[in-house]
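Survey of secondary and tertiary structure
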Amino acid sequence: MSQTPKILVLNGPNLGRLDLRDSAIYGTMNFAQLSEFIKKEAAALGLEVDVQQSDSEVELINWLHEAADAKSPVIFNPAAFTHYSYAIRDAAAMLKAPLIEVHLSNPLAREEFRHTSVISGVAHGTIGGFGPDSYRLALIAMKELI
Ligand code: DQA
């Protein structure tokens, strides 16, 4: 068994259809490929991950509750929920281990409604704008934190 706790990597709505979104913003990987990339990078860092995606606010909140109970560290791309879900923010605020917010794109360089994150205030930090590498950088940062 590894010494570091398993990291939960949560992904919010529409990320399951990544390859059908604007490739100029989100690149060309589909979600299965992104998930494999995250698992491969985690293994290279000696980390264990559980990668999940849901379009449902309820399911994401349930996973955050489970992570809080298990004291699991979380890397989270809340997708559009980033910008308005106080319910997800409140669930994220109950986490006991570090939370890192990630984005494939740089929301601050996009439409104004994406400039607000209701999650950032309860996260240890936010990494965005590096495509799939945002997750790799988050794994490196998380390894230092846990
Ligand atoms: C995103 C950015 C959000 O603004 C958007 O709603 C997403 C993806 C990103 O990874 O760049 O669905 O979180």
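Residues numbered from 1 in each chain as written. Predicted model: local features only at pLDDT ≥ 70, side-chain atom pairs only at ≥ 80, totals over all residues. Heavy atoms only, no water.

**As for the overall build of the chain**
Cut-off, in case you're wondering: Helix numbering and strand numbering both begin at the N terminus, where a helix is a DSSP run of H or I of at least 4 residues and a strand a DSSP run of E of at least 2. Put simply, the radius of gyration uses C-alpha atoms, and a globule should come to 2.2 Å times the residue count raised to 0.38. A simple rule labels every residue: compare its accessible area, found with a 1.4 Å probe on the protein chains alone, to the largest value its type can have, and call it buried under 20%, exposed over 50%, or partly exposed in between. Whether two residues are in contact is decided by their heavy atoms, any of which lying within 4.5 Å being enough. Only the protein chains shown count as cover for residues, and all accessible areas are computed by the Shrake-Rupley method using a 1.4 Å probe. His is not counted, nor are the chain ends; Lys and Arg add positive charge and Asp and Glu add negative charge. For the purpose of locating charges, the reference atoms are NZ of Lys, CZ of Arg, CG of Asp and CD of Glu.
On a plain count of helices and strands, the chain comes out with five helices and five strands. Mapped from its N terminus to its C terminus, the chain presents α and β elements in the order β-α-α-β-α-β-α-β-β-α. The C-alpha atoms of the chain give a radius of gyration of 14 Å, which matches the 15 Å a tight globule of 146 residues would have. Projecting the C-alpha coordinates of the chain onto the three principal axes gives extents of approximately 40 × 30 × 25 Å. Counting every position in the chain, which comprises 146 residues, the buried fraction comes to 44%. Contacts in the chain between residues far apart in sequence, at least 24 positions, make up 76% of those at least 6 positions apart. Counting every atom, the chain has about 7,400 Å² of accessible surface; 51% of that belongs to carbon and sulfur. For the chain, the centre of its 12 positive side-chain charges and the centre of its 17 negative side-chain charges are spaced 3 Å apart.

**Some thoughts on the site of the ligand**
Short version of the rule: It suffices for a single heavy atom of a residue to lie within 4 Å of a molecule or strand for the residue to be listed as near it. The term polar contact refers here to a pair of N or O atoms within 3.5 Å; inside protein, the definition further demands a hydrogen-donor-capable atom paired with an acceptor-capable atom, and it admits residues adjacent in sequence only when both atoms are side-chain atoms. Gly counts as polar in this scheme, as do all residues outside two lists: the nonpolar Ala, Val, Leu, Ile, Met, Phe, Trp, Tyr, Cys and Pro, and the charged Asp, Glu, Lys and Arg.
By nearness alone, every residue bordering the ligand is listed as Arg21, Tyr26, Asn77, Ala79, Ala80, His83, His103, Leu104, Ser105, Arg110 and Arg114. The side chain of His83 places a nitrogen or oxygen atom 2.7 Å from an oxygen atom of the ligand. In the model, an oxygen atom of the ligand is placed 2.9 Å from a nitrogen or oxygen of the Arg114 side chain. Considering the ligand on its own, with 320 Å² of exposed area, one finds that the protein chains cover 99% of that surface. Of the residues assigned to the shell around the ligand, the class counts are four nonpolar, four polar and three charged.

**Things to note about the packing of helix 2 (residues 31-44) against helix 5 (residues 133-145)**
Pairs of packed helices are described in terms of their axes, by the angle between the two and the distance that separates them. Applicable threshold: Angles shown run from 0 to 180 degrees and are taken between the N-to-C directions of axes, each axis being a line fitted to C-alpha atoms and, for helices, limited to the stretch in contact. Here is the rule for angles: anything less than 35 degrees is roughly parallel, anything more than 145 is roughly antiparallel, 65 through 115 is roughly perpendicular, and the remaining ranges are oblique. Each crossing gets its handedness from the near helix: less than a right angle anticlockwise from the far helix is left-handed, clockwise is right-handed.
Following both chains from N to C, one finds helix 2 and helix 5 inclined at 30 degrees, their axes separated by 10 Å at the closest point. Put simply, helix 2 runs roughly parallel to helix 5. Crossing geometry of helix 2 relative to helix 5 is assigned as right-handed. Each of Leu34, Phe37, Ile38, Glu41 and Ala42 in helix 2 lies in contact with helix 5, whose residues at this interface are Asp133, Tyr135, Arg136 and Leu139. Among the residues forming the contact of helix 2 with helix 5, the class breakdown is six nonpolar, no polar and three charged.

**Considerations on the pairing of strand 1 (residues 7-11)**
What counts here: A pair of strands is treated as paired once DSSP finds two or more bridges between them.
Most of strand 1 sits inside the fold, with five of its five residues counted as buried. Along strand 1, one buried face is formed by Ile7, Val9 and Asn11 and the opposite face, lined by Leu8 and Leu10, is buried too. Strand direction decides the pairing type here: strand 1 and strand 2 (residues 49-53), joined by five bridges, are parallel. Residue pairing for strand 2: Ile7 is matched across the bridge by Val49. Bridge count between strand 1 and strand 3 (residues 74-77): four bridges; the pairing is parallel. Residue pairing in the sheet places Leu8 in a bridge with Val74 of strand 3.

**What to know about the side chain of Asn77**
Structurally, the position occupied by Asn77 is in strand 3. A relative accessible area of 3% means that Asn77 is categorised as buried. A polar contact is formed between the side chain of Asn77 and the side chain of Tyr135, at a distance of 3.2 Å.

All we've got here are geometric facts, nothing functional implied.
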